[in-house]
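# Chain and residue survey
The lines below spell out each chain.
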Amino acid sequence: MFASPFKLKKAGVVGMNRRNVVLIARNNRRELYPSVDDKLKTKVLLQKAGISAPRLLGVVKTQGNVRELDSFLDTCPPFVIKPSRGSGGKGILVISGRHGQDYLKPGGDRVTIGEIKRHASNTLSGLFSLGGHSDVAMIEEMVDFSDAFEGFSYQGVPDIRVIVYKGYPVMAMTRLSTAASEGKANLHQGAVGVGIDVGTGEALKAVQFSRQVTHHPDTGKELSTLSVPHWRDFLDLAARCYEITGLGYLGVDIVLDRLKGPMILELNARPGLAIQIANGHGLQPRVDRVDVEGTKGKNASERVLFSMEAFSVSKETGGMTSVPSDCCGRLAAATGQK
């Protein structure tokens, strides 16, 4: 059974049209997009601002660099190869170790150096990039993710997506990799999305393929027990990205390293809307509250304090309405999710 459009509107659900025409077009100047669409440029921005991110080991820019990968990777720690202009998790190759001459994926599958070279070459040709344009392949140190997420993710690094509106963190979720998503934290590929209470960092509800779930499909872990440590640090990092990018509607993806703490993985000028499904709340009332009560000139820390108070599920006021339980199907369609 599907919920009516009236119920979705009453719940404050933002659909694709409103996201594109209002949230993105009115808040994100087009000349600012390259700073987040190009992950290499993002890496430079974060480094200049002194914000923690996975260490860049190298960049493959030419076919000549591809031929040099044998010797370059021979001494590298566990690493990730990703397209600089990729999207939707496409073209990301995670290497967690070695077995003789071969490399190992997190699930134990072997990868030859020849396969890695082909992957890098395909990346240069634009196979994984936005619009199919030529690209470069970034080689980053693999995140040694925290034990705090043990059992919540399958063969991959979980990340936290925070939606930041005009510098205020307004909604969050964690994306947990599964066998279906092949160890990638990508909802379209089958990762589990768990809504996170902005005020506390604790789990709200969980969905996979737009259907509510209670346990991780591969590990059996009860998802309601998830609580993100160092939560305030996550929100502080996300809020600071407003000043760094100038973008008024922004998705900030953060991972938790065992030793280095929260680190920015990437930024997104067009964050999706499935986060509403995972939270069971519409985004519009939170956007409206920032427009009415949010004060320009506040620093990142002050904006985080406002958000933690205003958008904690246990304290929400001002017409905040939960998405009805029969909304998932129509909500998935309205937000462009499969």
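Everything here concerns the structure above.
Below, the structure is looked at part by part. Worth saying up front: this structure is predicted, and the values here are computed from it rather than measured.

### Things to note about the overall build of the protein chain
A tally of helices and strands in the protein chain yields 12 helices and 14 strands. Taking 20 Å as the expected radius of gyration for a compact globule of 338 residues, we find that the protein chain reaches 20 Å, a close match to that expectation. Referenced to the eigenvectors of the C-alpha coordinate spread, the extents of the protein chain come out at roughly 60 × 45 × 35 Å. When burial is assessed residue by residue, the protein chain has 53% of its 338 residues classed as buried. Once local pairs closer than 6 in sequence are excluded, the contacts in the protein chain between residues at least 24 apart make up 66%. Only carbon and sulfur atoms are counted for the fraction: they give 51% of the accessible area of the protein chain, which is about 15,100 Å².

### Some words on the nonpolar core
One finds Trp231, Val252, Ile264 and Leu283 to be the most contacted residues of the largest nonpolar core, which totals 65 residues. Here this core takes eight residues from helix α8 (residues 231-245), the largest share from any one element. Contacts of Val252, omitting those with residues within four sequence positions, involve Ile160, Arg161, Val162, Val164, Ala238, Cys241, Ile264, Glu266 and Leu267. Counting residues in each nonpolar core, the second largest holds 16 residues, with Val60, Tyr103, Val111 and Ala137 among its members.

### A look at the sheet that holds strand β4 (residues 97-99)
Pairing is antiparallel across the open sheet formed by three strands, whose spatial order is β4-β5-β6. Unpaired on one side and paired on the other, β4 and β6 (110-111) mark the two borders of the sheet. Bridge count for strand β5 (residues 102-104) against β6 is two bridges, and the pairing is antiparallel. Following the sheet pairing, Tyr103 is matched in β6 by Val111.

### Here's the deal with the layout of surface pockets
The volume enclosed by the second largest pocket comes to roughly 290 Å³. As for the second largest pocket, its lining consists of 15 residues, and the residues nearest its centre are Lys166, Tyr168, Tyr242, Thr295 and Lys296. Elements with a minimum of two residues in the lining of the second largest pocket: α8 and α10 (284-293). Looking at side-chain class alone, the lining of the second largest pocket contains three nonpolar, six polar and six charged residues.

### Some points on the packing of aromatic side chains
In the structure shown here, the tally under the stated rule is four aromatic pairs. Ring geometry for Phe79 versus Tyr103: centroids 6.0 Å apart, planes at 75 degrees, classification edge-to-face. You can see Phe79 sitting in strand β2 (residues 79-83) and its partner Tyr103 sitting in strand β5, a full 24 residues away along the chain. For the pair Phe79 and Tyr103, a shared accessibility class is recorded, and that class is buried. One aromatic cluster is present, built from ring pairs that chain together Tyr168, Phe306 and Phe311. The cationic tip of Arg98 hangs over the ring face of Tyr103; the distance from NZ or CZ to the ring centre is 4.1 Å.

### A short note on helix α7 (residues 113-124)
End to end, α7 covers 17 Å across 12 residues, agreeing with the expected 16 Å (1.5 Å per residue, within 8%). Every buried residue of α7 is listed here: Ile116, His119, Ala120, Thr123 and Leu124. For α7, the angular spread of buried residues about the axis comes to 140 degrees, placing them on one side. Where α7 ends, the next residue or the one after it, Gly126, has phi of about 95 degrees, a positive value.

### Side note on the pattern of salt bridges
All told, the structure shown has 20 salt bridges when counted by the stated rule. Here Glu141 ties to Arg55 by a salt bridge, and the two come within 3.0 Å at their closest N and O atoms. One end of the pair, Glu141, is in strand β7 (residues 137-141); the other, Arg55, is in the loop between α4 (39-49) and β1 (56-60), with 86 residues separating them in the sequence. With a closest N to O distance of 3.0 Å, Arg258 and Asp144 form a salt bridge. Placement of the pair is Arg258 in the loop between β13 (249-257) and β14 (261-268) and Asp144 in the loop between β7 and β8 (159-165), with a sequence separation of 114 residues. One continuous salt-bridge network, built from bridges that share partners, spans Asp159, Arg161, Arg175 and Asp253.

### Things to note about the sheet that holds β1
Reading across from one edge, β1-β7-β2-β3 is the order of the four strands in this open sheet, with antiparallel pairing throughout. Looking at strand neighbours, the two that pair on one side only are β1 and β3 (93-95), the edges of this open sheet. Across the sheet, the mean angle from the axis of one strand to that of its neighbour is 15 degrees, orientation sign disregarded. As judged from the five bridges shared by β2 and β7, these two strands associate in the antiparallel manner.

### Description of empty space enclosed by the protein
A full pass over the atoms with the stated rule returns two cavities of 30 Å³ or more. If you trace the second largest cavity, you find it lined by Lys39, Thr42, Lys43, Leu46, Ala53, Lys82, Met138, Glu140, Ile264, Leu265 and Glu266. Those elements giving two or more residues to the lining of the second largest cavity turn out to be α4, β7 and β14. If you tally residues by element for the lining of the second largest cavity, the top one is α4, at four residues. Residues that form the lining of the second largest cavity fall into these classes: five nonpolar, one polar and five charged.

Procedures and definitions
Residues numbered from 1 in each chain as written. Predicted model: local features only at pLDDT ≥ 70, side-chain atom pairs only at ≥ 80, totals over all residues. Heavy atoms only, no water. Helix = DSSP H or I, 4+ residues; strand = E, 2+ residues; numbered from the N terminus. Rg over C-alpha atoms; globule rule 2.2 N^0.38 Å. Buried < 20%, exposed > 50% of the residue type's maximum accessible area, 1.4 Å probe, protein only. Contact = heavy atoms within 4.5 Å. Areas by Shrake-Rupley, 256 points an atom, 1.4 Å probe, with all protein chains shown as cover. Core = buried A, V, L, I, M, F, W, Y, C linked by side-chain atoms within 4.5 Å. Pairing = 2+ DSSP bridges. 1 Å grid on protein atoms, 1.4 Å probe; cavity = no way out; pocket = protein on both sides within 12 Å on 5 of 7 lines; lining within 4 Å. Points joined across faces, edges and corners; volume = space filled by probe spheres on them. Nonpolar A, V, L, I, M, F, W, Y, C, P; charged D, E, K, R; others polar. Phe/Tyr/Trp six-rings, centres within 6.5 Å; stacked < 30°, edge-to-face > 60°. Lys NZ or Arg CZ within 6 Å of the ring centre and 35° of its normal. Expected span 1.5 Å × (residues − 1). Arc of directions from axis to C-beta. Salt bridge = Lys/Arg side-chain N within 4 Å of Asp/Glu carboxyl O. Axes fitted to C-alpha atoms, helices over the stretch in contact; angles between N-to-C directions.

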